[in-house]
Amino acid sequence: MAGAKIDFDHKDVSAKIGAAIQSLDNPGPLFQIIIEYLTRVHRQRFRNQVSPEGTPWAPLSPAYKKRKHRNANKILTLRGHLAGTLRGQYDQTGLEFGTDRPYGAAQHFGAEIDRAASTREVYFRQKRDGSVGNQFVKKGKSNFAQTVNVGGYKIRIPARPWLGTNEQQNNQIVKKAHDYLQDAMGG
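Residues numbered from 1 in each chain as written. Predicted model: local features only at pLDDT ≥ 70, side-chain atom pairs only at ≥ 80, totals over all residues. Heavy atoms only, no water.

A. Focus on the overall build of the protein chain. Helix and strand counts for the protein chain come out as six helices and six strands. Counting only residues that meet the buried cut, the protein chain has 25% of its 187 residues in that class. Summarising the internal contacts of the protein chain: among those between residues at least 6 apart in sequence, 64% fall at separations of at least 24. Per element, the accessible surface of the protein chain, about 13600 Å² overall, is 53% carbon and sulfur. (Helix = DSSP H or I, 4+ residues; strand = E, 2+ residues; numbered from the N terminus. Buried < 20%, exposed > 50% of the residue type's maximum accessible area, 1.4 Å probe, protein only. Contact = heavy atoms within 4.5 Å. Areas by Shrake-Rupley, 256 points an atom, 1.4 Å probe, with all protein chains shown as cover.)

Put into structure tokens, the structure is as follows:
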């Protein structure tokens, strides 16, 4: 070949490409990095109370908000169980992230629950003068019980999308994968 030329030693390039391919043959460490990122993103989402796109979650119903004493101003958080069930798992073919709790899907997509009519015991506190208070009490604190019929009713849970990623987070995941492969190729 006339003119300028360079000698190309493909062994170094082949070794780096081979290292990248080998890291893809065992994607576990990359998937673990992505799971850690998704966990941080979703925990922040619970703190911000917004959907993946940043839309605020539907507010609590006035009736529920009135009786909710623990974490009264937090949506999707009574005791923190839903946010605490975030898990990721992976195998050679892919990664899954979410919760195994059925109510996680009901909260994400919304739901309508039909409650059948039933008979229940309700408990009150009877005063010394024989009058019965008009507030329910726990069975252990009660000295007066009454059987009541409760009619059927529906519980409507509005959709509050909490699981998923937005475009910016997807780009961050791609960047993490890029950085992982670049590290596997030696920088």
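B. Expanded view of the packing of helix α2 (residues 28-48) against helix α6 (residues 167-184). Contact geometry for α2 and α6: axes closest at 10 Å, N-to-C directions at 155 degrees. Between α2 and α6, the angle falls in the class roughly antiparallel. Once α2 is placed against α6, the crossing between them reads as right-handed. Across the interface between the two elements, P29, L30, I33, I34, Y37, L38, R40, V41 and R45 of α2 pack against Q169, Q172, I173, K176, A177 and Y180 of α6. In the contact of α2 with α6, the residues fall into ten nonpolar, two polar and three charged. (Axes fitted to C-alpha atoms, helices over the stretch in contact; angles between N-to-C directions. Parallel < 35°, antiparallel > 145°, perpendicular 65-115°, else oblique. Left-handed = near helix turned anticlockwise from the far one by under 90°. Nonpolar A, V, L, I, M, F, W, Y, C, P; charged D, E, K, R; others polar.)

C. Structural view of the nonpolar core. I34, F46, W57, L76 and W162 are the most contacted members of the largest nonpolar core, which has 19 residues in total. Apart from residues lying up to four places away in sequence, L76 is in contact with F46, W57, L82, Q107, R160 and W162. (Core = buried A, V, L, I, M, F, W, Y, C linked by side-chain atoms within 4.5 Å.)

D. Just the environment of N26, in detail. Here N26 shows up in the loop between α1 (10-25) and α2. For the pair formed by N26 and Q92, sequence separation is 66 residues and the distance between their alpha carbons is 7.0 Å. If we ignore the near neighbours within four places in the chain, the residues touching N26 are Q92 and Y180.

E. Expanded view of the side chain of S51. With respect to the helices and strands, S51 occurs in the loop between α2 and α3 (62-67). Judged by relative accessible area, S51 falls into the buried class, the value being 9%.

F. Summary view of the pattern of salt bridges. Going through the model one piece at a time under the given rule, you end up with five salt bridges. With a shortest N-O distance of 3.4 Å, E112 and K154 are connected by a salt bridge. You can see E112 sitting in strand β3 (residues 111-115) and its partner K154 sitting in strand β6 (residues 153-157), a full 42 residues away along the chain. A relative accessible area of 41% means that K154 is categorised as partly exposed. (Salt bridge = Lys/Arg side-chain N within 4 Å of Asp/Glu carboxyl O.)

G. Helix α5 (residues 102-109), seen in detail. Looking only at α5, the buried set comprises G104, A106, Q107 and H108. Downstream of α5 by one or two residues, G110 has phi in the positive range, about 90 degrees.

H. View of the side chain of T77. Mapped onto the secondary structure, T77 falls in the loop between α3 and α4 (81-84). Here T77 falls in the buried class, since its relative accessible area comes to 14%. Not counting residues up to four positions away in its chain, the partners in contact with T77 are F46, K68, R70 and N71.

I. Highlighting the packing of aromatic side chains. Considering all chains together, one arrives at five aromatic pairs under this definition. Aromatic side chains F46 and W57 sit 5.5 Å apart centroid to centroid with 75 degrees between the ring planes, which places their arrangement in the edge-to-face category. With F46 in helix α2 and W57 in the loop between α2 and α3, this pair connects stretches of sequence that are eleven residues apart. W57 sits in the buried class, given a relative accessible area of 5%. Here F124 and F144 contribute two aromatic rings whose centre-to-centre distance is 6.4 Å and whose plane-to-plane angle is 55 degrees, an arrangement assigned as tilted. Here F144 lies in strand β5 (residues 144-150) and F124 lies in strand β4 (residues 118-124), a separation of 20 residues in the sequence. Under the relative-accessibility criterion, F124 is labelled buried at 10%. Grouping aromatic residues by their ring pairs yields a cluster made of F46, W57 and W162. (Phe/Tyr/Trp six-rings, centres within 6.5 Å; stacked < 30°, edge-to-face > 60°.)

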